[in-house]
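Okay, here's what each chain looks like letter by letter:
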Amino acid sequence: MSSQQEYILVTGGAGYIGSHTVVELVNSGQNVVIVDSLVNSSYDAVARVEFLTQTAIPFFDIDIRDSEKLSEVFKQYKIKGVVHFASLKAVGESTQIPLSYYDNNVNGTISLLNVMKENKVKSIVFSSSATVYGDVTRFGDNSMIPIPENCPSDPTNPYGRSKFMIESILKDIHSSDESNWKVAILRYFNPIGAHPSGLIGEDPLGTPNNLLPYLAQVAIGRREKLSIFGNDYASHDGTPIRDYIHVVDLAKGHIAALGYLAKNTGGLYREWNLGTGKGSTVFDVYHAFSKAVGKELPYEVVARRAGDVLDLTANPARANKELEWKAELSIEQACADLWKWTVQNPTGFKVEGYEWKKFEKVGLENRLHSFTNGPLTIALANRGALIQDLSFNGEHLVNAFDNGEDYKLPTNPYFGTNIGRVANRIANAEFQLNGKTYHLPKNENQNSLHGGSLGFDKVNWLGPIVRKKEGVFTVEFLIVEKDGTNGYPGDLKTIIKYTIDSSSVQLEYEAELINDKVDATIVNLTNHSYFNLSGEPTTDDTDVTLFYDQYMKVDDVSLLPTGDIVKFEGVTVGQPIHLDKDAFFDYCYIVDKDATQIDTRGNELKPVLQATHPRTTTKFVFSTTEPSFQFYTGDGVNTKGFTKRSGFCVEPARFVNAIHFDKWASQVILKKGEKWGGITKYSFS
Ligand code: NAD
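This one's a predicted model, so the numbers in the text were calculated from it and none came from an experiment.

**With respect to the overall build of the protein chain**
Next, step 1: Assigned secondary structure in the protein chain consists of 11 helices and 41 strands.
Next, step 2: Its C-alpha atoms give the protein chain a radius of gyration of 29 Å, within 12% of the compact-globule value 26 Å for 685 residues.
Next, step 3: Taken along its principal axes, the extent of the C-alpha atoms in the protein chain is 95 × 55 × 45 Å.
Next, step 4: Within the span of the protein chain, comprising 685 residues, buried residues form 57% of the whole.
Next, step 5: Long-range pairs, those at least 24 residues apart, make up 72% of the contacts in the protein chain with a sequence separation of at least 6.
Next, step 6: Carbon and sulfur atoms make up 48% of the accessible area of the protein chain, which amounts to about 27600 Å² in all.

Next up, the structure:
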């Protein structure tokens, strides 16, 4: 992060509307920093926004009432404006605990404004609500429907009054320094739907207060039926009329408001309604959602609810004209998007059998994610998208550090991590592609090893996206390595997808160039876990069976391939090798000597190596679609808590140094428009 760059601070950016707005902000080229106390949201939403936008977003788990901590964020980042979502928002709850609402919403905003003022940030977009208008049918003659911004405010509950109070405070602060404060009040009508990607959406805690989240839970089987409160209103079908706005349209309204503030040279205070201007009844929405689901959902009509009124539709003409913004998405689209989000995430951001915790002293960028599926447990960290634990029947099978800091030790021998952009060695740390020579940093004698000093193992991957379907977890991490990093050409997007059932873990890699900076780059990905079945600090007495006995002959001094593929003396296919102190291995064995493919995922998943140990009945089989695998007995390990032979590695990948051999180079040259792919599976029985 650069102190020179300017940022938009988003309070409440982990929440429903905030997370969708952050996506639009990042997509419109803004740098964003998020502050959220997570009182009504989860960091998973932020992790998914990062995945979706392929961008790391600084996040601070701070209550905006803590002005000291908030100030530190303003010192660390050059904030040019604030979008202020942070608020408690449940109308019913606000009548039960009004003081908490006034304290959180009103005092929170005062704290924020003080910090902004101290730091000379005087531009704010505020999330207000149609609730400030109160019951507009009080005007009797329908003169205020659709509702214009000049409709007098008369909120009917503490939540609405907290919004009205904040609007008044913002108006006063603007009046106190009219030429500098720029204040946009956005009065939302009824936000609905979810991001079309299915990655983020509304995840209400407890019983949903709103129509569509409730209906979604009925559709997915979490609730029995929808209650419709009264069907004797004077609408076309007897149910009340509201102005439902797709959350993505609403999010875009904030970009428009920020743009308006930016181009206004003086100060200003102005309110805008964000609605569609088109009212829909409860039954209209019910039918649209039932259509998206493909079946009529159960409901019952019950008595009217106290406080409900016939019609609350916006007049959005002011926003349409001045902000040049208009809601474009239909309620049908919102229903389809909500259903996609619900089907893909039936329990919201929470997934049964999955939990995460902090893995480093500071921040949430590197978290430890644990998954339990019957006898199998796996823990994955963002750094390197690495495997920190892999246990079967309670036996830990990989070498690992117990905290994120130790993974940064210079002696860390790549424990559990994924390796890229190019695994293994590149001779002389240089290569030629399309007539151009690329120089890489040398990090092993004259060579480049495992992607260089800033390789995929040193970086916090974005995500993960965690899903569970029919008892199987999928966990996806993403990294975008920028053109020139470690000397490699092109912006490369890489996803690793772990698929975890009760007896296996599958790793699927997919990488592609994402823009037109270059026509090609080179890629070779693998995982560098150290396995140990012995329950002891050494792998001695492990029986390892290789299913291939051809290997890449290497020069004894440089450890680089000579180009010859020959039989490895000492390995007989299918015959176990008993690992003892003399059994040294660090060689690349060949599964397919004629391999040329860049994407091997269509190949058969072939068993390449099997390991057992007399102490345990667990049998461990490694399978892959890749044309070769490095088998390494871990003789170079010497790090905190571990010495040589504490674990062995099986690293399926492309041929070592392939780019330097014409006959193998196509295995690693990834062209624009193609995908690099490979699958490896660890199976236990
Ligand atoms: P949300 O609860 O999903 O998001 C609000 C976020 O603010 C949450 O992530 C919460 O953890 C955070 N937060 C609350 N108090 C905080 C504090 N003191 N410090 C830091 N973070 C804090 O709600 P939403 O639906 O996304 O609403 C966003 C804003 O829009 C709110 O101001 C809400 O009042 C307003 N609004 C919402 C609706 C609606 O129907 N969803 C309608 C009109 C207005």
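**Quick word on the site of the ligand**
Next, step 1: What surrounds the ligand is a group of 27 residues, the closest being Asp36, Asn40, Ser41, Tyr159 and Lys163.
Next, step 2: Between valine 39 and the ligand, the recorded distance is 3.1 Å, taken from a backbone N or O atom to an oxygen atom.
Next, step 3: Contact distances for the ligand include 3.0 Å between a nitrogen atom and a backbone N or O atom of isoleucine 64.
Next, step 4: Considered on its own, the ligand offers 820 Å² of accessible surface; in the complex 95% of this is hidden by protein.
Next, step 5: Only helix 1 (16–27), strand 5 (123–129) and helix 6 (158–176) provide two or more residues apiece to the shell around the ligand.
Next, step 6: No other element matches strand 5, which puts three residues into the shell around the ligand.
Next, step 7: When grouped by side-chain class, the residues that make up the shell around the ligand number 13 nonpolar, 10 polar and four charged.

**Some words on the packing of helix 3 (residues 67–76) against helix 5 (residues 98–118)**
Next, step 1: Look at helix 3 against helix 5: their axes get within 10 Å of each other, and the N-to-C directions meet at 40°. The angle between helix 3 and helix 5 places the two elements in the oblique class. As for how helix 3 packs across helix 5, the hand of that crossing is right-handed. Contacts between helix 3 and helix 5 pair Ser67, Leu70, Ser71 and Phe74 from the former with Ser111, Leu112, Val115, Met116 and Glu118 from the latter.
Next, step 2: Classifying every residue of the contact of helix 3 with helix 5 gives five nonpolar, three polar and one charged.

**Some thoughts on the side chain of histidine 174**
Next, step 1: Tracing the sequence through the fold places histidine 174 in helix 6.
Next, step 2: Here histidine 174 falls in the buried class, since its relative accessible area comes to 11%.
Next, step 3: At 3.5 Å, the side chain of histidine 174 forms a polar contact with the backbone nitrogen of leucine 268.
Next, step 4: Here histidine 174 is in contact with Trp181, Val183, Gly267, Leu268 and Tyr269, once residues within four sequence places are set aside.

**Observations regarding the pairing of strand 37 (residues 620–624)**
Looking down a regular strand, the side chains alternate between one sheet face and the other.
Next, step 1: Across the five residues that make up strand 37, a large majority, five, are buried.
Next, step 2: Burial of the side chains of strand 37 extends over both faces: Phe620, Phe622 and Thr624 are buried on one face and Val621 and Ser623 on the other.
Next, step 3: Bridge count between strand 36 (residues 606–612) and strand 37: five bridges; the pairing is antiparallel. Its bridge partner being in strand 37, leucine 609 is matched across the sheet by phenylalanine 622.
Next, step 4: The pairing of strand 37 with strand 41 (residues 676–684) spans five bridges and is classified as antiparallel. Its bridge partner being in strand 41, threonine 624 is matched across the sheet by threonine 680.

**With respect to empty space enclosed by the protein**
Next, step 1: With the rule as written, the count across this model stands at four cavities of 30 Å³ or more.
Next, step 2: Each pocket or cavity is described by its volume, and for the largest cavity that value is around 130 Å³.
Next, step 3: Lining the largest cavity are 15 residues, with Glu202, Gln217, Arg222, Trp341 and Thr342 sitting closest to its centre.
Next, step 4: The set of elements that each furnish at least two residues to the lining of the largest cavity consists of helix 7 (211–219) and helix 11 (331–344).

**Section: the side chain of aspartate 44**
Next, step 1: Looking at the element boundaries, aspartate 44 is found in helix 2 (residues 43–53).
Next, step 2: No salt bridge is formed by the buried aspartate 44. Its closest oppositely charged neighbour is arginine 367, at 4.2 Å.
Next, step 3: At a separation of 2.7 Å, a polar atom in the side chain of aspartate 44 contacts the side chain of serine 42.
Next, step 4: Discounting chain neighbours no more than four positions away, the residues touching aspartate 44 are Phe349, Tyr354, Trp356 and Arg367.

**Overview of the sheet that holds strand 16 (residues 367–373)**
Next, step 1: Within the open sheet, the five strands sit side by side as 15-16-17-18-19. Their pairing is antiparallel. Two strands bound the open sheet, and with one partner strand each, they are strand 15 (354–358) and strand 19 (395–396).

**Some words on the domain arrangement of the protein chain**
Next, step 1: Each domain of the protein chain was delimited in the assignment, giving domain 1 (6–344) and domain 2 (417–684).
Next, step 2: Relative to domain 2, the C-alpha centre of domain 1 lies at a distance of 47 Å.
Next, step 3: With 10 residues of domain 1 at the contact, the number on the domain 2 side is 12 residues.
Next, step 4: Counting the contacts that link domain 1 with domain 2 gives zero salt bridges.
Next, step 5: In this assembly, domain 1 and domain 2 are joined by two residue pairs in polar contact (both at pLDDT 80 or more).
Next, step 6: In terms of residue count, the dominant contributor to the side of domain 1 that touches domain 2 is helix 2 (four residues).
Next, step 7: Classifying every residue of the side of domain 1 that touches domain 2 gives four nonpolar, four polar and two charged.

Quick notes on the rules
- Residues numbered from 1 in each chain as written.
- Predicted model: local features only at pLDDT ≥ 70, side-chain atom pairs only at ≥ 80, totals over all residues.
- Heavy atoms only, no water.
- Helix = DSSP H or I, 4+ residues; strand = E, 2+ residues; numbered from the N terminus.
- Rg over C-alpha atoms; globule rule 2.2 N^0.38 Å.
- Buried < 20%, exposed > 50% of the residue type's maximum accessible area, 1.4 Å probe, protein only.
- Contact = heavy atoms within 4.5 Å.
- Areas by Shrake-Rupley, 256 points an atom, 1.4 Å probe, with all protein chains shown as cover.
- Near = heavy atom within 4 Å.
- Polar contact = N/O pair within 3.5 Å; in protein donor to acceptor, adjacent residues only side chain to side chain.
- Nonpolar A, V, L, I, M, F, W, Y, C, P; charged D, E, K, R; others polar.
- Axes fitted to C-alpha atoms, helices over the stretch in contact; angles between N-to-C directions.
- Parallel < 35°, antiparallel > 145°, perpendicular 65-115°, else oblique.
- Left-handed = near helix turned anticlockwise from the far one by under 90°.
- Pairing = 2+ DSSP bridges.
- 1 Å grid on protein atoms, 1.4 Å probe; cavity = no way out; pocket = protein on both sides within 12 Å on 5 of 7 lines; lining within 4 Å.
- Points joined across faces, edges and corners; volume = space filled by probe spheres on them.
- Lys, Arg positive; Asp, Glu negative; His and termini not counted.
- Salt bridge = Lys/Arg side-chain N within 4 Å of Asp/Glu carboxyl O.
- Domains from an automatic or database assignment.

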